[in-house]
Amino acid sequence: MKSLFLIILLTGLWNSGKAWQAVTHDFPEPEDTRGKPVLHQTRRAWKTGAVYASNRFPGARLNDFRKVDDSTYRAVILPENKPVNKSPWYAFKLWSAKKQTLRLILDYDYADHRYFPKISQNSKDWTPLDSARFSMHSKQDALLRLDVGPDTLWVAAQPVVSSADVADWCVMQSRHPEVRQEIFGKSRLGRPLRMLDIGQGPALEKRVVALLCRQHPPEVTGWFALQHFIDELLSDSDLARTFRQQYRVLVFPLINPDGVDLGFWRHNAGGVDLNRDWAYYRQPETRQVANKIVREVQKHQGTLVLGLDFHSTFEDIFYTGDETENPPVLPGFKDAWLTGMKTNLPGFEFEEDAAPEGKPVSKSWFLAQFDATGVTYEIGDNTPPEMIEQKGRVSAKVMMELLLNAR
Ligand SMILES: [Zn+2]
């Protein structure tokens, strides 16, 4: 009897350990994702003339602040390390003892200006700067005209959404009776990695959808789309309620919390693009997320059928796989989903770029690890909020309809 107990115990330990881990994959275009040094900006405030600037808040990036002449200032913006994707993120706050209008140069190293400035009076509600107040100072650098005074003015590349904001959102979502929040790991610098587990009833043998977001810190339009997507999944419609009975959804809302809070352009605190690390999992964030997905699916004998990874880029585009070479468990789903979106979003422009497996990115990992359809879901940097909401909701609705019919 005792030995039987021991065998059961050991089997349990085995199952909770090594057996449920992501396997490594040899993709055709491997990348070196070993950790590299990063430049940590000094958190500080600057006082120059009557004007103050500060990077003392999560998500900020401001590497230096200098006065050029009586009305002109220069904000220096540097990447965390190089080479890096040219998505220069900036975020800082400004104030001044007296009200004045100043000219501010966004002085980038390494990349050209990309993100049109957003401003905020409270760090929560953001609006694009009046376009008459924006011009290019040089081919690379931007020039902003800003009204500053005793009240703080936030200036950023996109609305600032920190790891604390995402944590608040997770708590709000977990008030829904069919959502459970779990902290399953830690980033390189110790920030929690969170998962939402959505579904009604036991997870056993359910089909599973995985949703990933913010491997790349500045890409908040993708994050906004994910929020609307989940609003639709958690809605009270017959479709959503039936879907939650039959499917399980695992949500990883913030895969790179260090990069987000440190105001990085692209990488994690190990100086690596996490969306090139889905082969050997050399970074703690990708390793833990990949293992968590595998563990959750295998523990409950589920089948992962779809992985969507939310990002932002210059345009609305879906990066998909070549299904003729490697058919997924739901062949045809991807085409039907994109067609359904086109039908239900008249007037929306979006592209598809279907390519065979190449780099170790999450969409290819879903196929390699699970034979699941993998899609990189890219929202344009400048896609208006109401379009993001419609697209997030419609893409969720069409997905639920197709997946329920696929049973
Ligand atoms: Zn991205």
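Residues numbered from 1 in each chain as written. Predicted model: local features only at pLDDT ≥ 70, side-chain atom pairs only at ≥ 80, totals over all residues.

**Quick look at the packing of helix α3 (residues 220-233) against helix α9 (residues 385-405)**
Contact geometry of α3 with α9 gives a least axis separation of 7 Å together with a crossing angle of 45 degrees. Between α3 and α9, the crossing angle belongs to the class labelled oblique. α3 and α9 meet at a crossing whose hand is right-handed. Residues T221, F224, A225, Q227, H228, F229, D231, E232 and L233 of α3 lie in contact with α9, whose contacting residues are P385, I388, E389, K391, G392, R393, S395, A396 and K397. Among the residues making up the contact of α3 with α9, the classes are represented as seven nonpolar, five polar and six charged. (Axes fitted to C-alpha atoms, helices over the stretch in contact; angles between N-to-C directions. Helix = DSSP H or I, 4+ residues; strand = E, 2+ residues; numbered from the N terminus. Parallel < 35°, antiparallel > 145°, perpendicular 65-115°, else oblique. Left-handed = near helix turned anticlockwise from the far one by under 90°. Contact = placed C-beta atoms within 7 Å. Nonpolar A, V, L, I, M, F, W, Y, C, P; charged D, E, K, R; others polar.)

**Some details on helix α8 (residues 362-370)**
A turn of α-helix holds 3.6 residues, and therefore any two residues three or four places apart point the same way. Most of α8 sits inside the fold, with nine of its nine residues counted as buried. For α8, the full list of buried residues reads S362, K363, S364, W365, F366, L367, A368, Q369 and F370. The inward-facing, buried residues of α8 contact β14 (207-213), α6 (284-299), β16 (303-313), β17 (317-321) and β19 (373-380). D371 sits one or two residues past α8 and shows a positive phi near 55 degrees. (Buried ≥ 20, exposed ≤ 12 C-beta atoms within 10 Å, placed from the backbone.)

**Details of unusual backbone geometry**
Put simply, K82 and P83 share a cis peptide bond, and its omega is 0 degrees. As for its position among the elements, P83 is in the loop between β4 (72-77) and β5 (91-96). Even without being a glycine, Y281 presents a positive backbone phi close to 55 degrees. Within the secondary structure, Y281 sits in the loop between α5 (257-261) and α6.

**Some details on the confidence of the model for the chain**
Summarising the model, the chain shows a mean pLDDT of 95, and 95% of its residues fall at 70 or more. Per-element confidence in the chain is highest for strand β15 (residues 247-252), whose mean pLDDT is 99, and lowest for helix α1 (residues 2-16), whose mean pLDDT is 51. Confidence drops under a pLDDT of 50 for residues 11-15, and excluding neighbours within four residues, the segment shows two contacts in the predicted structure. (pLDDT = per-residue confidence, 0-100.)

**Notes on the sheet that holds β15**
Read across the sheet, eight strands follow the order β12-β13-β15-β14-β16-β19-β17-β18 without closing on themselves; strand pairing throughout is mixed. Looking at which strands have only one partner, the edges of the open sheet turn out to be β12 (179-186) and β18 (351-355). Shown here is a sheet whose adjacent strand axes are inclined to one another by a mean of 20 degrees, direction ignored. With eight bridges joining them, β16 and β19 adopt parallel strand pairing. Bridging across to β19, L308 finds its partner in V375. Helix α2 (residues 163-173) rests against β12 and β13 (192-198) of the sheet, and its axis sits at about 25 degrees to β13. Relative to the sheet, helix α7 (residues 333-344) contacts β16, β17, β18 and β19, its axis offset from that of β19 by approximately 25 degrees. (Pairing = 2+ DSSP bridges.)

**Concerning the pairing of strand β1 (residues 45-48)**
Bridge count between β1 and strand β2 (residues 51-54): four bridges; the pairing is antiparallel. Within the sheet, the bridge partner assigned to K47 lies in β2 and is Y52. Once β1 ends, the chain turns through two residues before running back antiparallel as β2, passing G49 with a positive phi of about 65 degrees.

**Some details on the domain arrangement of the chain**
Splitting the chain by domain gives domain 1 (45-156) and domain 2 (161-405). In this complex, domain 1 contributes 15 residues to the contact, which on the side of domain 2 involves 16 residues. Within the side of domain 1 that touches domain 2, the residues separate by chemical class into nine nonpolar, four polar and two charged. (Domains from an automatic or database assignment.)

**Details of the packing of helix α4 (residues 238-246) against α9**
Put simply, α4 and α9 touch, their axes get as near as 10 Å, and they point 55 degrees apart. Of the possible angle classes, the one that applies to α4 and α9 is oblique. Both α4 and α9 take part in a crossing whose hand is left-handed. Residues L239, A240, T242, F243 and Q246 of α4 form the contact with α9, whose own contacting residues are K397, M400, E401 and L404.

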